[in-house]
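Geometric and topological summary
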Amino acid sequence: AQSVAQPEDQVNVAEGNPLTVKCTYSVSGNPYLFWYVQYPNRGLQFLLKYITGDNLVKGSYGFEAEFNKSQTSFHLKKPSALVSDSALYFCAVRDVSTNKLIFGTGTLLAVQP
Amino acid sequence: GAGVSQSPSNKVTEKGKDVELRCDPISGHTALYWYRQSLGQGLEFLIYFQGNSAPDKSGLPSDRFSAERTGGSVSTLTIQRTQQEDSAVYLCASSLAGRVNTGELFFGEGSRLTVL
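These notes cover the structure that comes with them. Predicted model, so just to flag it, every value in this text is computed and none were measured. (Residues numbered from 1 in each chain as written. Chains lettered and ligands numbered in written order. Predicted model: local features only at pLDDT ≥ 70, side-chain atom pairs only at ≥ 80, totals over all residues. Heavy atoms only, no water.)

A word on the overall build of chain B
- Helix and strand counts for chain B stand at 0 helices and 10 strands.
- Shown N-terminal to C-terminal, the secondary structure of chain B runs as helices and strands in the order β-β-β-β-β-β-β-β-β-β.
- The C-alpha radius of gyration computed for chain B amounts to 13 Å, which stays within 12% of the reference 13 Å derived for 116 residues, consistent with globular compactness.
- For chain B, the proportion of its 116 residues judged to be buried stands at 50%.
- By sequence separation, contacts in chain B at least 24 residues apart represent 55% of the contacts at least 6 residues apart. (Helix = DSSP H or I, 4+ residues; strand = E, 2+ residues; numbered from the N terminus. Rg over C-alpha atoms; globule rule 2.2 N^0.38 Å. Buried < 20%, exposed > 50% of the residue type's maximum accessible area, 1.4 Å probe, protein only. Contact = heavy atoms within 4.5 Å.)

If you want it as structure tokens, here you go:
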């Protein structure tokens, strides 16, 4: 079965510092991987995806993610964090047999001024 | 409307009552999903509608849960005889048929259900 794991419930980072939010996956076949963000009291918003091609994927709001097949990881990164990046981040994988998106448990990113 | 609309935004009910949650997807989106978001549990898939195909109900947690989608547009999630463990935020998402495979779902802001 397809699954993703987000090992950190919360990540704390100072504004201006680089941030990483971790995600590992388990799939059969080629992985279709995604990151979504949920701002307080808002719905989820699509950030970026990896389907095929370059391992470094660029998305919205200056975020990027690196697909690493050998480590089965798809970590979300940003070179310089903003306080406004504070939100709940979800990694997801598409179940190719059912078209469902399978989400991780989420990581709360807190950026301190 | 411009986005996925869900109603009510908040619902407080007593244990044993039935509730209905509504989702208006983006016009033209043929794929519609319901997810449940509980604290510390991430997003739990409930049900998926795609066009005129039979819905994928594999995520519904019990027979108290049902959903329908009328005319390929509006969807209603019904929970009968609510229990306290049903308390959660219920999220609806829609997508263009061609975008389902690429995972670009558009989510509503959710319906927060509290069962007392």
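Regarding the packing of aromatic side chains
All names here are of chain A.
- All told, the structure shown has 15 aromatic pairs over all chains when counted by the stated rule.
- Note on Tyr-25 and Phe-67: the rings are 5.9 Å apart at their centroids and 20° apart in plane angle, and the pair reads as stacked. Pair noted here: Tyr-25 is in strand 4 (residues 24-26) and Phe-67 is in strand 8 (residues 64-68), with a separation of 42 residues, a long-range link.
- Accessibility expressed as a relative area gives 9% for Tyr-25, which makes it buried. (Phe/Tyr/Trp six-rings, centres within 6.5 Å; stacked < 30°, edge-to-face > 60°.)

Looking at the state of the cysteines
Residue and element names in this part refer to chain A.
- Throughout the structure, instances matching the rule amount to 2 disulfides over all chains.
- Between the sulfur of Cys-23 and that of Cys-91 lies a disulfide, 2.0 Å long from S to S. Because the sign of the S-S torsion sets the handedness, a value of about -65° for the bond joining Cys-23 and Cys-91 places this disulfide among the left-handed ones. Here Cys-23, found in the loop between strand 3 (19-21) and strand 4, pairs with Cys-91, found in strand 10 (residues 87-94); they are 68 residues apart in sequence, far enough to count as distant. (Disulfide = S-S within 2.5 Å.)

Digging into the interface of chain A and chain B
- Taken together, the contact pairs 21 residues of chain A with 22 residues of chain B.
- Together, the buried faces of chain A and chain B total about 1600 Å²; carbon and sulfur atoms form 53% of this surface.
- When the buried area of chain A at its contact with chain B is split by residue, A:Leu44, A:Asn99 and A:Lys100 rank highest and sum to 28% of it.
- Counting the contacts that link chain A with chain B gives 2 salt bridges.
- Two residues, B:Glu109 and A:Arg42, come together in a salt bridge whose shortest N-O distance is 3.2 Å.
- Counting every contact that joins chain A to chain B gives 6 residue pairs in polar contact (both at pLDDT 80 or more).
- Those elements giving two or more residues to the side of chain A that touches chain B turn out to be strand 5 (33-38), strand 6 (44-50), strand 10 and strand 11 (101-103) of chain A.
- Within the side of chain A that touches chain B, the residues separate by chemical class into 10 nonpolar, 7 polar and 4 charged. (Buried area = accessible area lost by both parts, 1.4 Å probe. Salt bridge = Lys/Arg side-chain N within 4 Å of Asp/Glu carboxyl O. Polar contact = N/O pair within 3.5 Å; in protein donor to acceptor, adjacent residues only side chain to side chain. Nonpolar A, V, L, I, M, F, W, Y, C, P; charged D, E, K, R; others polar.)

A look at the pattern of salt bridges
- Enumeration according to the criterion identifies 8 salt bridges over all chains in this entry.
- Here A:Lys58 makes a salt bridge to A:Glu64, at a shortest N to O gap of 2.9 Å.
- Residue classification places A:Lys58 among the exposed residues on the basis of a relative accessible area of 62%.
- Its salt-bridge partner being B:Glu44, residue B:Arg36 comes within 3.0 Å of it at the nearest N-O pair.

What about the sheet that holds strand 3 (residues 19-24) of chain B?
All names here are of chain B.
- Reading across from one edge, 1-3-7-6 is the order of the 4 strands in this open sheet, with antiparallel pairing throughout. For this open sheet the edge positions go to strand 1 (5-7) and strand 6 (65-69), each flanked by a neighbour on one side alone. Between one strand and the next, the sheet's axes are offset by a mean angle of 15°, whatever the strand orientation.
- As judged from the 5 bridges shared by strand 3 and strand 7 (residues 75-79), these two strands associate in the antiparallel manner. Counted as the bridge partner of Cys-23 is Ser-75 from strand 7. (Pairing = 2+ DSSP bridges. Axes fitted to C-alpha atoms, helices over the stretch in contact; angles between N-to-C directions.)

Notes on the nonpolar core
- Core analysis: the biggest nonpolar cluster contains 27 residues, and A:Leu33, A:Trp35, A:Leu47, A:Leu48, A:Phe74, A:Leu76 and A:Tyr89 have the highest contact counts within it.
- Secondary-structure elements contributing two or more residues to this core are strand 2 (10-14), strand 3, strand 5, strand 6, strand 8, strand 9 (73-78), strand 10 and strand 12 (107-112) of chain A.
- With 4 residues, the single largest contributor to this core is strand 10 of chain A.
- If we skip the residues at most four places from it in the chain, A:Phe74 touches A:Cys23, A:Leu33, A:Phe34, A:Trp35, A:Leu48, A:Lys49, A:Tyr50, A:Ala65, A:Glu66 and A:Phe67.
- By size, the runner-up hydrophobic cluster in this structure holds 20 residues, among which are B:Ile26, B:Trp34, B:Leu46 and B:Leu113. (Core = buried A, V, L, I, M, F, W, Y, C linked by side-chain atoms within 4.5 Å.)

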